[in-house]
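Coordinate analysis (summary)
Letter by letter, the chains look like this.
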Amino acid sequence: MAQAFVQRKSRLRVKGLKVRDREKIKEAIAISVQNGNYTTREIGVDIGKDHSTVSRYLSEMEHEEKWGIKRDANGNIVISLQKQLAQDYRQLENEPFNQLPSIQKWIMFLKSGGIPSRRIQYLVNVVHGISDELKLMPETIVSYGVPVDSAKRKEIAIEYWQNFLAWFNTAYPQMQKTNTINAYRSYLSAHSVNFAHGEGKRYGLSTTPERLGEYKEIMLTPEQIATINKRIEIESDWEAWSFMNIDLHTGARAFAMASMSWQRIVMSPAFRIEQFEPKIKKGAWYLTKEGKWWVKYPTDECRAVVETAYDRLLERDFVFFKDAGSDKANCLQTSYFMHRMAVRFKKIFSELDKASWLNEKTRIYALGDGLYFNGHPLHLFRHTMAQYYLAATNWSLAYVASLGGWENTEVLNKCYGGIPGHIKAQIAKSIHVKFDTLHLNVSAAPGQMSTNVSFG
């Protein structure tokens, strides 16, 4: 008997409410995009639809000019960088805390310095936390609108900081305060409370990292790397795969990775990668930033990774995005991609088995604590590269510094990868020094007497 198949119709609902036709659902999707949701999952959560349903509607909308919808190879909404920045700043201003007069003034101060909205919101969140802990309005901290002279305003702000510092040192005894200090001093500076060079140290407001080298032994474990690779390969996220695996071999900082160009990668006769490091001021300019082109000669393992990245990523001038036509636009694209990768890997790291981390310090470094420390998910790759390559080269600091982009071995040794304690312990077990039998022969220069030195 012939069976009649009836196509199942999707429910015409938006956020649980019935709508008259499919156009209303498309309108809801368009509004969701305008509000800053660019993936099918984000839009689906916003309008109450499954992400696969959203994807079907977006496919239709792409062919209907009135919606102005375009998607990339991963199915995410493509939006102009200018529009992205404008939306980010609008969202920043809509936060209730950000509408307080002293915070609005600070945000304008930060925007005038070209600080990205994500960084601004992080800084504001820190001051919000300080304000909550002190149980004070932020206006009170800087005597906003109060007719007092600058010296008195500074004295008040320092007193409030020291009250906060007493709590912070008790609540977070192992955590660096540098990020918190930077946020607080920025807020004070926007209200004309400034400190001379070196003056902040007197009040616990020095922006110099207190414990240089505190994170020198952190890294991802081999098991974690294998787990992450398996996940992003299954999800066909070749951008994330390429970013992580190239970085694990080159140790580049986030900007150097995100701004890589195929024109600066030479496959033969000698495999070579050039990455631009803006942190090192050497007179070269790239994408509006001053820095240095670092020429690296990575291993054959890295070459295989780069070949896979070339095959998997869409053809374009830059490794991770198409040329937008100007240095400024490409710099914005680089920043956007860096942020996207940071969000992506922070989520991946957060979903790893908590017991898989080398130690709690490494986990907090990757993820942050949610308020006073934002985490460095991408910089963890640089630390990991240092640890693995130092171990593979029997701690050849000079070679690893030249490959990873460290100006000298001192910073590499102090901050990224001196010989860890457990390796020193292993070496000690393999060395046998007996002072009662050891003989040191010192050969004299020609014409001089040779001296035999013995112990025992």
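Residues numbered from 1 in each chain as written. Predicted model: local features only at pLDDT ≥ 70, side-chain atom pairs only at ≥ 80, totals over all residues. Heavy atoms only, no water.

**Overview of the overall build of the chain**
Just so we agree on the cut-off: In this text, helices come from DSSP runs of H or I with a minimum length of four residues, and strands from runs of E with a minimum of two, each type numbered from the N-terminal end. Exposure categories follow from relative accessible area, calculated using a 1.4 Å probe and restricted to protein chains: below 20% of the type maximum is buried, above 50% is exposed, and the middle band is partly exposed. Residue contacts follow a heavy-atom distance rule, with two residues in contact if any of their heavy atoms lie within 4.5 Å.
Within the chain one finds 19 helices and eight strands. Here the chain, with 456 residues, has 44% of them falling under the buried criterion. Within the chain, counting contacts between residues at least 6 apart in sequence, those at least 24 apart form 60% of the total.

**Examining the packing of aromatic side chains**
Stated formally: A pair of aromatic rings is counted whenever rings of Phe, Tyr or Trp (Trp by its six-membered ring) have centres within 6.5 Å, and the orientation is called stacked for planes under 30 degrees apart, edge-to-face for over 60 and tilted otherwise.
Taken as a whole and judged by the stated rule, the model has 25 aromatic pairs. For the pair W106 and Y187, a centre-to-centre distance of 5.2 Å together with 65° between the ring planes defines the contact as edge-to-face. With W106 in helix α5 (residues 101-112) and Y187 in helix α9 (residues 178-190), this residue pair connects regions lying 81 residues apart in the sequence. Judged by relative accessible area, which is 0%, W106 ranks as buried.

**Quick notes on the pairing of strand β6 (residues 289-296)**
For clarity, the cut-off: By definition, two strands form a pair when at least two bridges between them are found by DSSP.
Note: strand β4 (residues 272-277) against β6, five bridges, orientation antiparallel. Bridging across to β6, E274 finds its partner in V295. Note: strand β5 (residues 284-286) against β6, three bridges, orientation antiparallel. Directly across from Y286, in β6, lies its bridge partner K289.

**Remarks on the nonpolar core**
The following threshold applies: Grouping buried Ala, Val, Leu, Ile, Met, Phe, Trp, Tyr and Cys residues that are joined through side-chain atoms within 4.5 Å yields what is termed a nonpolar core.
If you look at the biggest cluster of nonpolar residues, it comprises 89 residues, and the most contacted ones within it are F345 and F349. If you tally residues by element for this core, the top one is helix α6 (residues 117-134), at eight residues.

**A word on the environment of E133**
As for its position among the elements, E133 is in helix α6. You can call E133 partly exposed: its relative accessible area is 30%. A C-alpha to C-alpha distance of 7.2 Å links E133 and F164, two positions 31 residues apart in sequence.

**Comments concerning the confidence of the model for the chain**
Selection criterion: What pLDDT reports is the predictor's confidence in each residue, on a scale of 0 through 100.
In this model, the chain carries a mean pLDDT of 85, and residues with pLDDT of at least 70 account for 88%. Low confidence marks residues 1-9, where pLDDT is under 50. Its contacts with residues over four positions away, or in another chain, come to zero contacts. Considering only residues more than four positions removed or in separate chains, one finds that residues 442-456, a stretch of pLDDT under 50, has 20 contacts.

**Structural notes on the pattern of salt bridges**
Worth spelling out the cut-off: Salt bridge criterion: a side-chain nitrogen from Lys or Arg within 4 Å of a carboxyl oxygen from Asp or Glu.
Under the criterion given, the structure shown has 23 salt bridges. The salt bridge partner of E235 is R231, with a shortest N-O separation of 3.2 Å. In this structure R231 comes out as partly exposed when scored by relative accessible area, which is 21%. A salt bridge links E360 to R363; the shortest N-O distance between them is 2.8 Å. Here R363 and E360 lie together in helix α15 (residues 360-367), a separation of three residues that amounts to about one turn. Since its relative accessible area comes to 39%, E360 is described here as partly exposed. Through salt bridges with shared partners, a single ionic network connects R231, E235, D237, R344, K347 and E351.

**Let's talk about the packing of α15 against helix α16 (residues 379-392)**
How we decide: A fitted line through C-alpha atoms serves as each axis, taken over the contacting stretch for helices, and the angle formed by two N-to-C directions is quoted from 0 to 180°. For classification purposes, angles smaller than 35 degrees are called roughly parallel, those larger than 145 roughly antiparallel, those between 65 and 115 roughly perpendicular, and all remaining angles oblique. In this classification, the charged set is Asp, Glu, Lys and Arg, the nonpolar set is Ala, Val, Leu, Ile, Met, Phe, Trp, Tyr, Cys and Pro, and all remaining amino acids, among them Gly, are polar.
At their nearest, the axes of α15 and α16 sit 9 Å apart, and the two run at 140° to each other. Classed by the angle they form, the pair α15 and α16 counts as oblique. For the pair α15 and α16, contact is made by T362, Y365 and A366 and by H379, L380 and H383, respectively. Across the contact of α15 with α16, the residue classes tally to three nonpolar, three polar and no charged.

**Here's the deal with the side chain of S186**
Structurally, the position occupied by S186 is in helix α9. In this structure S186 touches W106, F109 and L110, once residues within four positions along its chain are discounted.

**Observations concerning the side chain of K296**
Quick note on the threshold: The positive count covers Lys and Arg only, the negative count covers Asp and Glu only, and His and the chain ends enter neither. Under the rule applied, a polar contact is a pair of N or O atoms within 3.5 Å (in protein, one hydrogen donor and one hydrogen acceptor; residues adjacent in sequence only if both atoms are side-chain atoms).
By the secondary structure assignment, K296 is in strand β6. Among buried charged residues, K296 stands out as having no salt bridge; its nearest opposite-charge side chain is E277, 4.5 Å away. Within the structure, the side chain of K296 is placed 2.9 Å from the backbone oxygen of T250, a separation counted as a polar contact.

**Overview of the environment of E62**
You can see E62 is positioned in helix α3 (residues 51-62). With sequence-adjacent residues up to four places away left out, E62 is seen in contact with I69, K70 and R71.

**Regarding the pairing of β4**
Counting buried residues in β4 gives five out of six residues, a clear majority hidden from the surface. Two elements, strand β3 (residues 265-266) and β4, share two bridges in a ladder whose sense is antiparallel. Of the residues in β4, the one forming a bridge with I265 is I273. Between β3 and β4, which pair antiparallel in sequence order, lie five residues.

**Describing unusual backbone geometry**
The residue after S268, namely P269, is reached through a cis peptide bond having omega 0°. Structurally, the position occupied by P269 is in the loop between β3 and β4. With a phi angle near 60°, S192 is a residue other than glycine that sits in the positive phi range. By the secondary structure assignment, S192 is in the loop between α9 and α10 (222-234). A positive phi angle, close to 60°, is found at N394, a residue other than glycine. Mapping N394 onto the fold places it in the loop between α16 and α17 (397-404). For N394, a relative accessible area of 63% translates into the label exposed.

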